[in-house]
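Inside the fold
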Amino acid sequence: MPHKIKKFLAWLFSGKSEKASHILILPASFWLAFFLVVPIMLLLVLSLAQLGPYGTIIWHPTLENFRRVFTPLYVPIVARTVAYCGATAVLCLLLGYPTAYFLSFYAGEWRDTFLILLMIPFWTSALVSIYSWIIILGRDGLMNSVLVGSGALGKPLDVLNTPFSVILGLVYFYLPFMILPLYSSLEKIPKQYIEASYDLGAGAFQTFLKVTLPLSLPGVFAGFILTFVPCLGDFLTAEFLGGPRTYLIGNLIENQFLMAQDWPFGAALTAVLLCAMLIGLYYYQKLEAAELAA
Amino acid sequence: MKSKWLSFYAAAFYAFLYMPISVMFFFSFNNARRNVVWRGFTFKWYGVLLRDAGLLGALLTSLKIAVLASLLASVLGLLASYALVCRPPRFGRAFYSSWLNAPLLVPEIVLGVGLLSFFVRIGVPLNFWTLACAHAMLALPYTIGSVRARLLSLKGSQLEEAAMDLGADHWEAFLKVTLPLAKPAIVSGALLAFTISFEDFVTSFFIAGVGVVTMPIKVYSMMKFGVTPEINALSCCLLALTLILLVSAQVLRKSAKA
């Protein structure tokens, strides 16, 4: 190896120069800039363009695409998305809170195992879990064959392709995103606070309401943001567990890019989504900062 | 008393969490074409998978992309985390740690349509390579997270200084001391990156182009076609693969700590 290169490498890995550090981070930064920032910027620009004939794009700035998002044709879809994702976040909270509480205070030595068990469904492909919900909820699915077979029902229920099945699928998928922040804020509560509350004569319920719950609120808010925001962009769940009447913004975006070929409008929808995400992220960061300061 | 009810709830909760996977697993051995009534035990759906040429092709494509993406993400991640641990730049320290996590924060559908418009706009044909590059971007936070934690724990050990006292320069010390010591974490990060790439559907769905069919895309099109026991068997195989990858990554991380 030529001497010069060797000397350069020695300098690069010396840990003495900040310039060397910037150079070492540069490839990763470049990668993100090229495959993440530029595409998003392009989308924002595209959202201001116009659709020409045959799916071509006319680069003449307009806000028409954004106006269209809020026309009677699309407002129901936007409203439905917000409603479904809100319902999903609330249900995740109600279902997840007791589990997070259990993990923080009662799981004992099994805690790590339970936490890993919680993450496994999250790491498996969303397609796989959606598919299993189809087997369970479908018209000749497991649920119906058990209910009809046992005589509990006269004829099978049409659960699939309803708001219920879509929200169920979303709740199932986003539960870990709720439980983990809840768990981490519950776990931080000093046990003495709870004991002190009991010593002062409060019952279990009163202690929960006046001590534990208020102290876990940062986790509740963080969990709400972490479920609500990614949920806004989901399209697979509604595509398989719902029908055209339960389509969400995600499905609309998918449709604009792959079927309708109206990319400027699709980009405007994506920009709206991105805005919601940034607002969520802003509040999430603020929460984190407040947690660190406390 | 209270803890009893809570434990009961937790048990029910975990049963709910694992119900879909268990149902799928159970019915992947069911000897019936259409419905979910038990008709006896069979391995035949797994046999069907093995004879499906399209499926094996998709598997091969996915593996190739995942190997390439995890290699890329590992190299980029190693360089960046070395710099962040050994000499965090005073200017931009906080910026870098959120910046390098950016792929985790952006919804995947945004990345998918963004990359699609980007590649089409700059005239790059959508193919195997563009997909691998995009997957490397998705996986970067995972490789950085894994390697960074290990390098931080090595930092106190002064082994690099010892190597240099023995006559090595910084590059040699990095190559012969730090790198071997960080290897389990690097491999662990690479396995996570591999899993991310192998399982990615949303981004791939938008930018795979016509010719590239990865495993999740194949599963998607099978699901569009209808419910078959073959998908059960396939899902179980994919699940097993994910579990093996994650467990190996975890074991490697634990072994690095010891």
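Residues numbered from 1 in each chain as written. Chains lettered and ligands numbered in written order. Predicted model: local features only at pLDDT ≥ 70, side-chain atom pairs only at ≥ 80, totals over all residues. Heavy atoms only, no water.

1. Considering the overall build of chain A
The number of helices and strands found in chain A is 14 helices and 2 strands. In terms of overall dimensions, chain A is more spread out than a globule: its C-alpha atoms have a radius of gyration of 25 Å, far above the 19 Å expected for 294 residues. Based on the C-alpha atoms only, the size of chain A along its principal axes is roughly 70 × 60 × 40 Å. Relative to its full complement of 294 residues, chain A shows a buried share of 49%. Of the contacts made within chain A by residues no fewer than 6 positions apart, 65% connect residues no fewer than 24 positions apart. Roughly 14200 Å² of accessible area belongs to chain A as shown, and the carbon and sulfur atoms make up 71% of that amount. Averaging the coordinates of the 16 positive side-chain charges in chain A and doing the same for the 15 negative ones gives two points 10 Å apart. (Helix = DSSP H or I, 4+ residues; strand = E, 2+ residues; numbered from the N terminus. Rg over C-alpha atoms; globule rule 2.2 N^0.38 Å. Buried < 20%, exposed > 50% of the residue type's maximum accessible area, 1.4 Å probe, protein only. Contact = heavy atoms within 4.5 Å. Areas by Shrake-Rupley, 256 points an atom, 1.4 Å probe, with all protein chains shown as cover. Lys, Arg positive; Asp, Glu negative; His and termini not counted. Charge placed at Lys NZ, Arg CZ, Asp CG, Glu CD.)

2. Some remarks on the interface of chain B and chain A
In this complex, chain B contributes 86 residues to the contact, which on the side of chain A involves 82 residues. Summed over both partners, the interface of chain B with chain A buries about 8000 Å², with 79% contributed by carbon and sulfur atoms. There are 4 salt bridges connecting chain B and chain A. Here Glu239 of chain A and Lys224 of chain B are joined by a salt bridge, their closest N and O atoms 2.9 Å apart. Here chain B and chain A share 15 residue pairs in polar contact (both at pLDDT 80 or more) between them. The dominant element in the side of chain B that touches chain A, judged by the number of residues it contributes, is helix α1 (residues 2-27) of chain B, at 17 residues. (Buried area = accessible area lost by both parts, 1.4 Å probe. Salt bridge = Lys/Arg side-chain N within 4 Å of Asp/Glu carboxyl O. Polar contact = N/O pair within 3.5 Å; in protein donor to acceptor, adjacent residues only side chain to side chain.)

3. Re the nonpolar core
Counting residues in each nonpolar core, the largest one holds 172 residues, and the members touching the most others are Leu100, Met137, Phe201 and Met223 of chain B. Considering every element that reaches this core, the biggest residue donor is helix α7 (residues 128-155) of chain B, with 14 residues. Residue contributions to this core reach at least three from each of two domains, namely domain 1 (1-46) and domain 2 (65-293) of chain A. Ignoring sequence-local partners within four residues, the contact set of Met223 of chain B consists of Leu127, Ile130, Tyr131, Ile134 and Phe240 of chain A together with Ile231 of chain B. (Core = buried A, V, L, I, M, F, W, Y, C linked by side-chain atoms within 4.5 Å. Domains from an automatic or database assignment.)

4. A look at helix α4 (residues 75-105) of chain A
Taking 1.5 Å per residue, 31 residues should reach 45 Å; α4 of chain A reaches 44 Å between its end C-alpha atoms and fits that length. In α4 of chain A, a bend of some 35° at Gly96 of chain A exceeds every other bend along the element, and Pro98 of chain A, a proline, comes one to four places later. (Expected span 1.5 Å × (residues − 1). Bend = angle between axes of the 7 residues up to and from the residue.)

5. Describing the domain arrangement of chain A
All names here are of chain A. As far as domains go, chain A holds domain 1 (1-46) and domain 2 (65-293). When each unit is reduced to the centre of its C-alpha atoms, the spacing between domain 1 and domain 2 is 37 Å. Taken together, the contacts link 4 residues of domain 1 with 8 residues of domain 2. Together, Leu43, Leu44 and Leu46 form the three largest contributors to the area buried by domain 1 at its contact with domain 2, with a combined 88%. Connecting domain 1 to domain 2 are 0 salt bridges. Between domain 1 and domain 2 we count 0 residue pairs in polar contact (both at pLDDT 80 or more) in total.

6. Re the pattern of salt bridges
Applying the stated criterion across every chain, the model contains 8 salt bridges over all chains. The salt bridge partner of Glu18 of chain A is Arg87 of chain B, with a shortest N-O separation of 3.9 Å. Pair noted here: Glu18 of chain A is in helix α2 (residues 18-46) and Arg87 of chain B is in the loop between α3 (53-86) and α4 (93-99), and the two residues belong to different chains. Overall, the relative accessible area of 28% leaves Arg87 of chain B in the partly exposed class. With its nearest N and O atoms 3.5 Å apart, the salt bridge here joins Arg111 of chain A to Glu187 of chain A. Of this pair, Arg111 of chain A sits in helix α5 (residues 111-123) while Glu187 of chain A sits in helix α8 (residues 163-187), placing them 76 residues apart in sequence.

7. Some points on a nonpolar patch on the surface
Residues and elements named next belong to chain A. A contiguous nonpolar patch, built from Val90, Leu91, Leu94, Leu95 and Phe224 and spanning about 390 Å² of accessible area, is present on the exposed surface. Of the residues forming the nonpolar patch, the biggest block, 4 residues, is contributed by α4. As for its position among the elements, Leu95 is in helix α4. (Patch = residues over 30% accessible without salt bridge, like charges linked within 9 Å, V, L, I, M, F, W, Y side chains within 5 Å.)

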